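Fold and geometry: a report
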Amino acid sequence: MSAPTSAPTGADGGPIRLLIVDDHPVMRDGLRGVFANDAGFEVVGEAGDGAEAVRQSQRSDIGIDVILMDLRMPGTGGVEAITRLRELRHPARVLVLTTFDADRDVLPAIEAGATGYLLKDAPREELIRAVRAAHAGQSVLSPSVAGTLMGRVGVRDPGSLSPRELEVLRLVAAGATNQAVGRELHVSEATIKTHLMHIYGKLGVRDRAAAVAAAYERGLLGQD
């Protein structure tokens, strides 16, 4: 049975344009096949490492909406590539697609600016939903990755907030949404959510309102 087709949803009204980044050709072929029969997507490029991904993203003849990024690759890895793309202010969303869900892999990728983090064993339908969500700027985390992040927050030593965490908290206190904070700081919404989880863990609270209240009580948010 052929895969269902979808209405075009790309930035210019066309299909969502994808760049597939993985050092294994068989994996790239498999991912290309996932989207081949769906009119809502177009694979416009492939790369075997992070450096090539950055070069491909800068081509003027293609516009890339979403990058499917492996993490551990020879040469330039995924986190380095994501960092470089954010430095270049490239508009593409980056969805990490990897086999690794340890905190040493997850946290650097999200903090570098990845919009989402999915494991390679995700079903086809989940992958397609994740690409659409990433294209819309929504954070996407597989359940095991979300558990990794929460576990990481639970073992962090309490202490003062970092300068970036204070920036996030000040914007939240002013009423900004996660998406608005991400735009202001030029990072993804997933990165903001990660910062907020760290903030909650350090302050011993469970939500945004309690974090803002606790920060004021501790003098972390002074009067301007």
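Calculation criteria
- Residues numbered from 1 in each chain as written.
- Predicted model: local features only at pLDDT ≥ 70, side-chain atom pairs only at ≥ 80, totals over all residues.
- Heavy atoms only, no water.
- UniProt positions renumbered as here; feature names shortened; annotations may be inferred.
- Helix = DSSP H or I, 4+ residues; strand = E, 2+ residues; numbered from the N terminus.
- Buried < 20%, exposed > 50% of the residue type's maximum accessible area, 1.4 Å probe, protein only.
- Contact = heavy atoms within 4.5 Å.
- Phe/Tyr/Trp six-rings, centres within 6.5 Å; stacked < 30°, edge-to-face > 60°.
- Lys NZ or Arg CZ within 6 Å of the ring centre and 35° of its normal.
- Pairing = 2+ DSSP bridges.
- Right-handed = clockwise from strand over helix to strand, strands pointing away.

**Here's the deal with the UniProt feature "modified residue: 4-aspartylphosphate" (unreviewed entry) in the protein chain**
- Here the UniProt-annotated "modified residue: 4-aspartylphosphate" (unreviewed entry) positions come out as Asp70.
- With respect to the helices, strands and loops of the structure, aspartate 70 is situated in the loop between strand S3 (66-69) and helix H3 (78-87).
- Judged by relative accessible area, which is 3%, aspartate 70 ranks as buried.
- Non-local contacts of aspartate 70, meaning those with residues more than four positions away in its chain, are made with Val21, Asp22, Asp23, Gly78, Leu97, Thr98 and Lys120.

**Concerning the packing of aromatic side chains**
- Evaluation of the coordinates by the stated rule reveals one aromatic pair.
- Here arginine 72 stacks its cationic end above the ring of phenylalanine 100, 3.6 Å away from the centre of that ring.

**Here's the deal with the pairing of strand S4 (residues 93-98)**
- Extensive coverage of S4 is indicated by the burial of five of its six residues.
- Bridge count for S3 against S4 is four bridges, and the pairing is parallel. Within the sheet, the bridge partner assigned to isoleucine 67 lies in S4 and is valine 94.
- As a crossover connection, the stretch from S3 through H3 into S4 is right-handed.
- Relative to strand S5 (residues 116-119), S4 runs parallel, the two being bridged by four bridges. Considered in S5, the bridge of valine 96 is made with tyrosine 117.

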